[in-house]
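Working through the structure, step by step
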Amino acid sequence: EAGVVQSPRYKIIEKKQPVAFWCNPISGHNTLYWYLQNLGQGPELLIRYENEEAVDDSQLPKDRFSAERLKGVDSTLKIQPAELGDSAVYLCASSLASFGGELFFGEGSRLTVL
Amino acid sequence: QKEVEQNSGPLSVPEGAIASLNCTYSDRVSQSFFWYRQYSGKSPELIMSIYSNGDKEDGRFTAQLNKASQYVSLLIRDSQPSDSATYLCALDRGSSYKLIFGSGTRLLVRP
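Residues numbered from 1 in each chain as written. Chains lettered and ligands numbered in written order. Predicted model: local features only at pLDDT ≥ 70, side-chain atom pairs only at ≥ 80, totals over all residues. Heavy atoms only, no water.

Some details on the sheet that holds strand E8 (residues 71-76) of chain B
All names here are of chain B. Taken together, 5 strands build an open sheet; the order of strands is E1-E3-E8-E7-E6 and the sheet is antiparallel. A strand with exactly one partner marks an edge of an open sheet, and here the two such strands are strand E1 (4-5) and strand E6 (54-58). Relative to strand E7 (residues 61-66), E6 runs antiparallel, the two sharing 5 bridges. Residue Asp58 lies in a different strand from E7, and its bridge partner there is Phe61. (Pairing = 2+ DSSP bridges. Helix = DSSP H or I, 4+ residues; strand = E, 2+ residues; numbered from the N terminus.)

Let's talk about the nonpolar core
Within soluble globular proteins, side chains that are nonpolar tend to cluster in buried spots. Phe33(B), Trp35(B), Val72(B), Leu74(B), Ile76(B), Tyr87(B) and Leu107(B) are the most contacted members of the largest nonpolar core, which has 24 residues in total. At the level of elements, strand E3 (19-25), strand E4 (32-38), strand E5 (45-50), E7, E8, strand E9 (85-92) and strand E11 (105-110) of chain B are the ones that each hand at least two residues to this core. Beyond its immediate stretch of four places on either side in the chain, Tyr87(B) contacts Gln6(B), Leu21(B), Trp35(B), Tyr36(B), Arg37(B), Ile47(B), Leu74(B), Ile76(B), Gly104(B), Thr105(B) and Leu107(B). Leu46(A), Leu60(A), Leu77(A) and Ala88(A) belong to the second-largest nonpolar core, a separate cluster that totals 22 residues. (Core = buried A, V, L, I, M, F, W, Y, C linked by side-chain atoms within 4.5 Å. Buried < 20%, exposed > 50% of the residue type's maximum accessible area, 1.4 Å probe, protein only. Contact = heavy atoms within 4.5 Å.)

Below, the structure is given as structure tokens:
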């Protein structure tokens, strides 16, 4: 069974440029999460989807970040414009509907903003 | 005060020894606790979950929970060099359906 797939794995951009990350969760997992992980820190939740509905986006900086999950399957996280402080790893995770704390993470997208 | 506190380490132990990783949390309503392992450059993976006070064993891993002291720990017996990784403690408050992660403890197992 395929795991959570993310792309791109690495992205280097100039500040003020836009960037987008894509995630395809494990088949059958209707809950999808985007986490941000800075170096030496634990993951921090940005947004959680139940199917196509964003049920927790309280930590998403909505002035520059946006996300969507069309048709309740794959998802895109966008940053526009990117700032130097956005350099981090963006992790996508999915889980079964009945939350048991087991999140399956993708390999992450490492963003470097110059 | 961070919601989940972990010593960043590194914790260095010799091969075959017991590694003890600790985590404290501030919110008493937290109900579920998890240990994730993260190898360098890789994504976190769940290794243990614990929901009630006491010990829970799974192979070489034992999770311990003391809700009165707001303390959770992970013991790794017969540590192997392949156990060298960062161990992230995480909790769920119960109704939020999201995990709050600590910053992790880096474990080094010396051959």
